[in-house]
There are 2 protein chains.
Amino acid sequence: MKYSKLFGKTVKDVSQEIKLVSHKLLYQAGFIRESVAGRYYFLPLGIRVREKIVAIIEKHMNATGAQKLITPVLHPLELWEETNRTSSVGFELMTVKDQRGAAFALGGTAEEMMVDLVRKFNVSYKDLPFNIYQFSQKFRDELRARGGLLRVREFLMKDAYSFHADEKDFKEEYKKMGDTYTAIFNEIGLDTVVIESDNGYIGGDYCHEFVVESPAGESRFLMTEDRSYAAHEEVAVFKRDEMNPDEEILPLEVKDAPRGPTIADGVKLYDKPAWRQIKTVVYVVDDDEKVLVSLRGDLDVNEIKLKHVLQTTILRPATEDEIKELGSVVGFVSPLNLDLKKVGDLSLKTVKNFYTGADENQKDTLNVNYERDFTVDILDDIALPPDDCTTEDGKKLIEGHGIEVGNIFQLGTHYTDRMSGSVFTDQDGKEKPFYMGCYGIGIGRTLGTVVEMFHDDNGIIWPKAIAPYLVHIVSIGKDEKVIEEAEKLYEQLQEAGIDVLYDDRQESAGKKLNDADLMGIPLRLVMSNRTMEAGAVEWKLRAEKDAISVPLAEVMSKIQEFAQ
Amino acid sequence: MKYSKLFGKTVKDVSQEIKLVSHKLLYQAGFIRESVAGRYYFLPLGIRVREKIVAIIEKHMNATGAQKLITPVLHPLELWEETNRTSSVGFELMTVKDQRGAAFALGGTAEEMMVDLVRKFNVSYKDLPFNIYQFSQKFRDELRARGGLLRVREFLMKDAYSFHADEKDFKEEYKKMGDTYTAIFNEIGLDTVVIESDNGYIGGDYCHEFVVESPAGESRFLMTEDRSYAAHEEVAVFKRDEMNPDEEILPLEVKDAPRGPTIADGVKLYDKPAWRQIKTVVYVVDDDEKVLVSLRGDLDVNEIKLKHVLQTTILRPATEDEIKELGSVVGFVSPLNLDLKKVGDLSLKTVKNFYTGADENQKDTLNVNYERDFTVDILDDIALPPDDCTTEDGKKLIEGHGIEVGNIFQLGTHYTDRMSGSVFTDQDGKEKPFYMGCYGIGIGRTLGTVVEMFHDDNGIIWPKAIAPYLVHIVSIGKDEKVIEEAEKLYEQLQEAGIDVLYDDRQESAGKKLNDADLMGIPLRLVMSNRTMEAGAVEWKLRAEKDAISVPLAEVMSKIQEFAQ
């Protein structure tokens with residue numbers, strides 16, 4: 001490509017509203033343009049990078065035996081109604097009606113479409129497992145779009161869906177996909193942390209995010225220093241230490257407690273640490289049942305885990321009036337007296353002689369001990385990790401920030417139980433629902449992340465694997481000999497099948513070199529009167545500081561070596 | 001690919017509702033599945049063909065210097081309002097609102113999006129011309145979708161848009177694109193007729209369709225036998241012969257005419273051919289002005305041409321009451337008396353002594369002669385070509401039917417006049433609107449057309465250039481030696497980078513050979529006990545009847561030759 005002909009040249013000025021460095025550089029260097037907030041054009045330079053990312057993903061996916069296909073963008077809304085996702089999805093679904101009144105969802109993810117496709121076939125256990133994937137445009141009606149490609153309303157996504165006879169078979173694919181994702185991001189140039197996370201709106205039990213550590217990311221998580229364990233706050237598992245194992249168990253006692261309703265008020269009254277108290281929250285589950293949720297006073301309820309434990313997606317803390325109706329008082333609710341379903345955190349077993357309310361205003365119960373004085377219906381992990389916690393084996397958990405570029409989900413039979421007829425015939429001749437997983441990568445976000453990670457003050461520094469061009473020839477001055485040699489090299493490289501951009505403009509050296517830095521093509525070759533006199537070109541890698549001189553006669557073979 | 005692992009196998013039974021042969025074969029052979037009417041999944045086999053078509057188009061487009069980019073699928077509706085296309089498009093636009101109330105069109109074509117992109121840049125005459133294109137999903141809210149890929153509601157389209165300083169420059173690109181389209185379709189295997197057609201909803205003055213002659217097509221057109229001229233009925237230019245040049249001009253006469261209101265009634269009454277009468281239709285233009293439209297009685301009004309002549313997009317014939325209000329009578333309207341704007345067809349000059357109505361019931365005027373007795377405000381070509389007409393130079397026009405697979409449009413400044421700021425700075429320093437063209441190819445329809453053209457009773461016969469695989473290995477029987485050799489050949493071909501499908505199933509020879517015919521891969525290689533004994537494989541081209549025996553030792557080199 002000759003730069004003089006390229007559609008989408010560099011620009012200097014940037015709107016003050018552009019905050020993210022990846023947004024700024026991709027805009028300035030001519031890779032993207034915003035249509036309206038959260039919706040982007042990919043210009044010729046940008047689409048080249050995007051296609052290289054797509055090709056890498058495709059190569060790795062195909063190597064696993066996954067098969068590419070494509071679904072329509074408009075999904076019949078009745079499919080989303082079959083799985084109840086019209087009301088349950090965590091992202092806002094866009095819907096549209098056609099003139100005959102048929103309703104459609106603009107594809108957000110494609111579980112229903114893939115299941116609907118698969119159930120059109122008579123699938124036998126012999127056909128299993130299979131993994132089918134697509135690259136297709138996805139839509140999210142986000143209220144706020146961030147600048148640039150990191151959080152948008154419309155984007156190209158690689159979404160894969162695997163179908164299995166059972167969980168055992170699925171787990172092999174899940175592991176394979178995890179390894180494949182690591183390999184994909186590595187080839188692109190990104191180092192990812194694999195983070196346990198909540199399955200959220202997609203449904204299913206467990207899933208992992210692939211996160212690139214970056215302050216620009218919206219993903220917060222906890223991990224060990226060696227990254228052997230990493231998880232979102234909402235799913236992180238942490239150790240609950242025994243707080244006072246040697247203390248003697250004392251007799252239960254109810255006392256006046258002239259304090260306010262908070263844990264801090266109790267700390268003040270008794271002058272003892274927060275862990276000494278039981279925190280009990282009344283939750284309203286499914287807009288209906290009231291549940292008592294108790295945990296150690298220094299911890300907070302993890303509603304995500306609580307939802308899993310209660311097998312619901314809908315819960316909220318009760319109001320003051322609702323608590324009064326139960327016969328208790330805000331700030332003095334205890335797990336001892338009310339006749340409700342009870343859920344407790346594992347931490348209830350780590351303290352002797354708890355203090356807690358007595359379901360009366362300004363009365364507390366002292367020396368409460370789990371099992372001696374109360375039990376719960378469900379004792380499980382329902383707490384958010386506190387600061388300075390550790391894994392079960394004692395490794396310190398530290399906070400990380402990053403950009404989620406991919407994720408893999410266990411879906412189980414969440415979809416196939418709900419969509420009738422999505423079954424295979426098993427060896428025993430019986431019809432069984434498919435066991436499923438799904439696996440996504442956001443292409444644009446991956447592209448933006450690369451720029452967040454690889455740039456300097458002068459511009460982008462593309463990793464070779466996804467650079468829009470490998471070589472950037474810059475001719476300087478009007479000398480015909482220089483231009484002739486530059487043209488010659490440009491043609492030789494094209495013939496050799498090497499992606500080359502040739503800046504053939506009659507612009508100042510400064511302008512052309514600045515533009516080259518901004519665009520970030522890995523190898524810059526400058527040809528000028530000065531280099532010609534030495535029978536050489538100036539060879540400079542974008543990622544390195546210094547240039548070297550390479551004799552013209554050697555430059556082609558050296559480039560071919562670089563291209564490997 | 002091993003067929004045992006392929007997602008989307010052949011099926012035998014087809015719904016009675018599937019009428020088109022391309023629909024039937026693509027369904028049976030496992031290339032596509034319908035989601036809902038007019039919206040299709042492309043299965044692994046189908047997407048391979050689609051991608052080969054895309055690659056061919058891209059190669060040819062890039063060779064012309066056109067540059068690929070991509071726009072969002074959702075187009076801000078205000079852009080379509082700028083050009084007034086929200087009300088004027090000939091296809092039904094789908095629109096959607098997001099939760100913040102912003103309205104979008106689901107991309108039907110992308111003129112506005114491309115112009116909006118281009119006007120974000122400061123374009124100088126030095127940057128012109130350029131041609132930018134994309135492959136993107138398009139939406140048409142068709143009331144009726146035909147089966148299969150020939151007329152759908154959602155499809156992948158290659159749409160290109162060129163920007164020029166003036167019409168002269170545009171015409172070069174228009175010619176280049178026309179030649180490129182012919183080359184693209186030739187490489188795919190399709191022979192196209194280039195047909196003049198109406199510009200319709202896209203706007204602009206002239207355009208051409210690329211049509212593959214087929215009875216399955218919805219496109220009707222007229223062409224000379226040598227195809228040097230081809231045009232849609234609505235735009236076809238034809239010769240109007242002098243009907244009675246030697247007749248003496250007679251004096252005007254008004255007479256009682258005991259006849260019905262039709263031309264046929266006049267023919268009956270006077271026992272003279274229809275051309276002897278003037279047909280006059282009252283049109284209501286732009287819901288407002290009434291216009292008299294007259295032409296020779298054997299011809300019909302061409303409303304498309306009439307719209308162009310009247311520079312409107314909205315007209316309809318007047319009602320009986322409206323004609324009465326004007327002081328005339330249906331069936332007896334004449335171009336002589338009413339004080340209205342008058343449009344006449346060129347054919348009015350080809351007859352001496354016309355008969356026509358007298359604007360009174362059952363009264364006719366005889367011996368009416370153009371110029372002596374009346375003239376019109378606009379005399380132009382506003383007639384549909386009759387049966388058995390010829391071009392101006394006397395070549396017979398015959399009717400053709402076909403499938404439109406591509407089109408090229410002159411847009412002029414239709415869009416850039418309406419979208420403020422879509423200008424370039426010319427040599428004289430002045431801002432001028434871009435002169436534009438646009439160029440589309442429907443990918444799915446092209447794929448469907450190939451199947452319409454290339455099949456036999458047993459299945460599809462893919463042209464080599466776009467076949468999903470080049471080679472189809474079929475092993476027959478359970479003999480280990482056969483299977484081992486088949487596997488070996490399969491691996492050799494994969495290593496050589498040749499697209500190969502290997503039917504490794506334990507199925508009967510009949511089933512496997514029938515499936516091979518149905519899928520239509522160009523080269524079938526059968527390996528069985530019998531062929532192994534001869535140290536050979538059975539080599540059969542799908543497009544040919546007979547098989548030959550090729551020694552195993554020669555088969556690789558022969559395939560490589562075939563692959564060229």
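Just above sits the structure.
Residues numbered from 1 in each chain as written. Chains lettered and ligands numbered in written order. Predicted model: local features only at pLDDT ≥ 70, side-chain atom pairs only at ≥ 80, totals over all residues. Heavy atoms only, no water.

(A) Spatial organisation of the side chain of Lys512(A). All names here are of chain A. As for its placement among the helices and strands, Lys-512 is situated in helix 13 (residues 509-519). Although Lys-512 is buried, it forms no salt bridge, and the closest oppositely charged side chain is Asp-503 at an N-O distance of 4.1 Å. Within the local environment of Lys-512, its side chain forms a polar contact with the backbone oxygen of Ser-475, the two atoms lying 2.6 Å apart. Look past the residues within four positions of Lys-512 in its chain and what remains in contact with it is Val-474, Ser-475, Asp-503, Asp-504, Arg-505 and Glu-507. (Helix = DSSP H or I, 4+ residues; strand = E, 2+ residues; numbered from the N terminus. Buried < 20%, exposed > 50% of the residue type's maximum accessible area, 1.4 Å probe, protein only. Lys, Arg positive; Asp, Glu negative; His and termini not counted. Salt bridge = Lys/Arg side-chain N within 4 Å of Asp/Glu carboxyl O. Polar contact = N/O pair within 3.5 Å; in protein donor to acceptor, adjacent residues only side chain to side chain. Contact = heavy atoms within 4.5 Å.)

(B) Looking closely at the environment of Phe7(A). As for its position among the elements, Phe7(A) is in the segment before helix 1 (21-28). Those residues in contact with Phe7(A) that sit more than four places away from it in its chain are Leu43(A), Pro44(A), Gln67(B), Leu69(B), Leu117(B), Val118(B), Phe121(B), Phe130(B) and Ile132(B).

(C) Layout of the interface of chain B and chain A. Counting residues at the interface gives 55 residues for chain B, matched by 55 residues for chain A. Interface of chain B and chain A: buried area, both sides summed, is about 4800 Å²; carbon and sulfur atoms make up 63% of it. When residues of chain B are sorted by the area they lose upon contact with chain A, Phe7(B), Tyr41(B) and Gln99(B) head the list and together hold 15% of the total. In this assembly, chain B and chain A are joined by two salt bridges. A salt bridge links Glu51(A) to Lys68(B), with the shortest nitrogen-to-oxygen separation between them at 2.4 Å. Summed over the shared surface of chain B and chain A, the result is 18 residue pairs in polar contact (both at pLDDT 80 or more). Among the elements that line the side of chain B that touches chain A, the one with the most residues is helix 2 (residues 44-63) of chain B, at five residues. (Buried area = accessible area lost by both parts, 1.4 Å probe.)

(D) Structural detail: the relation of the copies chain B and chain A. You can overlay chain B on chain A at an RMSD of 0.5 Å; the transform is a turn of 179° with a shift of 0.1 Å along its axis. These values place the two chain copies in the arrangement generated by a two-fold rotation axis. When each C-alpha of chain B is compared by its distance to the rotation axis, Val96(B) comes out closest, at 2.9 Å. The share of interface residues of chain B whose copies in chain A are also at the interface is 100%, consistent with both copies meeting through the same surface. (Least-squares fit on C-alpha atoms with pLDDT ≥ 70 in both.)

(E) The packing of aromatic side chains, seen in detail. Residue and element names in this part refer to chain A. On inspection of all chains with the given rule, the structure shows 32 aromatic pairs over all chains. Taking the centre distance of 5.3 Å and the plane angle of 90° together, the rings of Phe-163 and Phe-434 count as edge-to-face. Of this pair, Phe-163 sits in strand 8 (residues 154-164) while Phe-434 sits in the loop between strand 25 (431-433) and strand 26 (435-442), and the two are 271 residues apart along the sequence. Phe-434 matches Phe-163 in its accessibility class, with the two residues each being buried. Seen from their ring centres, Tyr-181 and Phe-185 are 6.1 Å apart, and the 85° between their planes marks the pair as edge-to-face. In this pair, Tyr-181 and Phe-185 are both assigned in helix 6 (residues 167-188), four residues apart and thus about one turn of the helix distant. (Phe/Tyr/Trp six-rings, centres within 6.5 Å; stacked < 30°, edge-to-face > 60°.)

(F) The sheet that holds strand 32 (residues 523-527) of chain B, seen in detail. Residue and element names in this part refer to chain B. Strands sit in the order 31-30-32-33-34 across an open sheet of five strands; the sheet is mixed. The sheet is open, and its two borders are formed by strand 31 (500-503) and strand 34 (547-551), each paired with just one other strand. The average angle at which neighbouring strand axes cross in this sheet is 25°, direction not considered. In this sheet, strand 33 (residues 536-541) lies alongside strand 32 in antiparallel orientation, the contact comprising four bridges. Paired with Leu-523 across the strands is Leu-541, a residue of strand 33. This element, helix 15 (residues 552-563), spans strand 30 (471-475), strand 32, strand 33 and strand 34 of the sheet and lies at about 115° to strand 34. (Pairing = 2+ DSSP bridges. Axes fitted to C-alpha atoms, helices over the stretch in contact; angles between N-to-C directions.)

(G) Molecular detail of the pattern of salt bridges. The tally for this structure, following the rule as stated, stands at 91 salt bridges over all chains. A salt bridge links Lys488(A) to Glu485(A); the nearest nitrogen and oxygen atoms lie 4.0 Å apart. With a gap of three residues between them, Lys488(A) and Glu485(A) both fall in helix 12 (residues 480-495), about one helical turn apart. Classification of Lys488(A) by relative accessible area gives partly exposed; the value is 47%. Two residues, Lys305(B) and Asp381(B), come together in a salt bridge whose shortest N-O distance is 2.6 Å. On the criterion of sequence distance, the pair formed by Lys305(B) in helix 8 (residues 303-310) and Asp381(B) in the loop between strand 22 (378-380) and strand 23 (383-384) is long-range, its members being 76 residues apart. Neither Lys305(B) nor Asp381(B) differs from the other in exposure class; each is buried.

(H) Spatial organisation of the packing of helix 1 (residues 21-28) of chain B against helix 11 (residues 443-453) of chain B. Residues and elements named next belong to chain B. Following both chains from N to C, one finds helix 1 and helix 11 inclined at 100°, their axes separated by 8 Å at the closest point. Classified by the angle their axes make, helix 1 and helix 11 are roughly perpendicular. The residues of helix 11 that touch helix 1, namely those facing Val-21, Ser-22, Leu-25 and Leu-26, are Leu-447, Gly-448, Val-451 and Glu-452. Within the contact of helix 1 with helix 11, the residues separate by chemical class into five nonpolar, two polar and one charged. (Parallel < 35°, antiparallel > 145°, perpendicular 65-115°, else oblique. Nonpolar A, V, L, I, M, F, W, Y, C, P; charged D, E, K, R; others polar.)

(I) The arrangement of the sheet that holds strand 7 (residues 123-124) of chain B in detail. Residues and elements named next belong to chain B. Taking strand neighbours across the sheet as the criterion, the three strands line up as 7-25-26 in an open arrangement whose pairing is mixed. Of all the strands in the sheet, just strand 7 and strand 26 (431-433) have a single pairing partner and so form its edges. Bridge count between strand 7 and strand 25 (residues 423-425): two bridges; the pairing is parallel. Residue Val-123 lies in a different strand from strand 25, and its bridge partner there is Phe-424.

(J) How the structure looks around the environment of Gln506(B). Residues and elements named next belong to chain B. Turning to its location among the elements, Gln-506 is positioned in the loop between strand 31 and helix 13 (509-519). A residue is classified by how much of its surface remains accessible, and Gln-506, at 47% relative accessible area, is partly exposed. Separated by 502 residues in sequence, Gln-506 and Ser-4 place their C-alpha atoms 9.1 Å apart.

(K) Representation of a negative patch on the surface in the model. On the surface, Asp286(A), Asp287(A), Asp288(A) and Glu289(A) cluster together into a negatively charged patch. As for its placement among the helices and strands, Asp288(A) is situated in the loop between strand 14 (278-285) and strand 15 (289-296). (Patch = residues over 30% accessible without salt bridge, like charges linked within 9 Å, V, L, I, M, F, W, Y side chains within 5 Å. Areas by Shrake-Rupley, 256 points an atom, 1.4 Å probe, with all protein chains shown as cover. Charge placed at Lys NZ, Arg CZ, Asp CG, Glu CD.)

(L) Geometry of the pairing of strand 31 (residues 523-527) of chain A. Residue and element names in this part refer to chain A. Most of strand 31 sits inside the fold, with five of its five residues counted as buried. Alternating positions in strand 31 separate into two faces, Leu-523, Leu-525 and Met-527 on one and Arg-524 and Val-526 on the other, with burial throughout. Strand direction decides the pairing type here: strand 29 (residues 471-475) and strand 31, joined by five bridges, are parallel. For Ile-473, the partnering residue across the bridge sits in strand 31 and is Leu-525.

(M) Up close: the environment of Ser334(B). Residue and element names in this part refer to chain B. With respect to the helices, strands and loops of the structure, Ser-334 is situated in the loop between helix 9 (320-325) and strand 19 (341-345). Under the relative-accessibility criterion, Ser-334 is labelled buried at 0%. Placed 167 residues apart in sequence, Ser-334 and Leu-501 show a C-alpha to C-alpha distance of 71 Å. If we skip the residues at most four places from it in the chain, Ser-334 touches Thr-280, Leu-292, Thr-356, Gly-357 and Asp-359. Within polar-contact distance, the side chain of Ser-334 engages the side chain of Asp-359 at 3.0 Å.

(N) Up close: helix 6 of chain A. All names here are of chain A. Here helix 6 contains 22 residues, and its C-alpha end-to-end distance of 31 Å stays within 8% of the 32 Å for a straight helix at 1.5 Å per residue. Looking only at helix 6, the buried set comprises Phe-170, Glu-173, Tyr-174, Met-177, Gly-178, Thr-180, Tyr-181, Ile-184, Phe-185 and Ile-188. Its side-chain oxygen at 3.3 Å from the backbone nitrogen of Lys-168, Asp-166 defines the N-terminal cap of helix 6. Directly beyond the C-terminal end of helix 6, a positive phi value near 115° is found at Gly-189. (Expected span 1.5 Å × (residues − 1).)

(O) Structural context of helix 13 of chain B. Residue and element names in this part refer to chain B. Within helix 13, the full set of buried residues consists of Lys-512, Asp-515, Ala-516, Asp-517, Leu-518 and Met-519. Packing partners of the buried residues in helix 13 comprise helix 1, helix 2, strand 29 (459-460), strand 30, strand 31 and strand 32. Among the residues trailing helix 13, Gly-520 stands out with phi positive, at a value near 75°.

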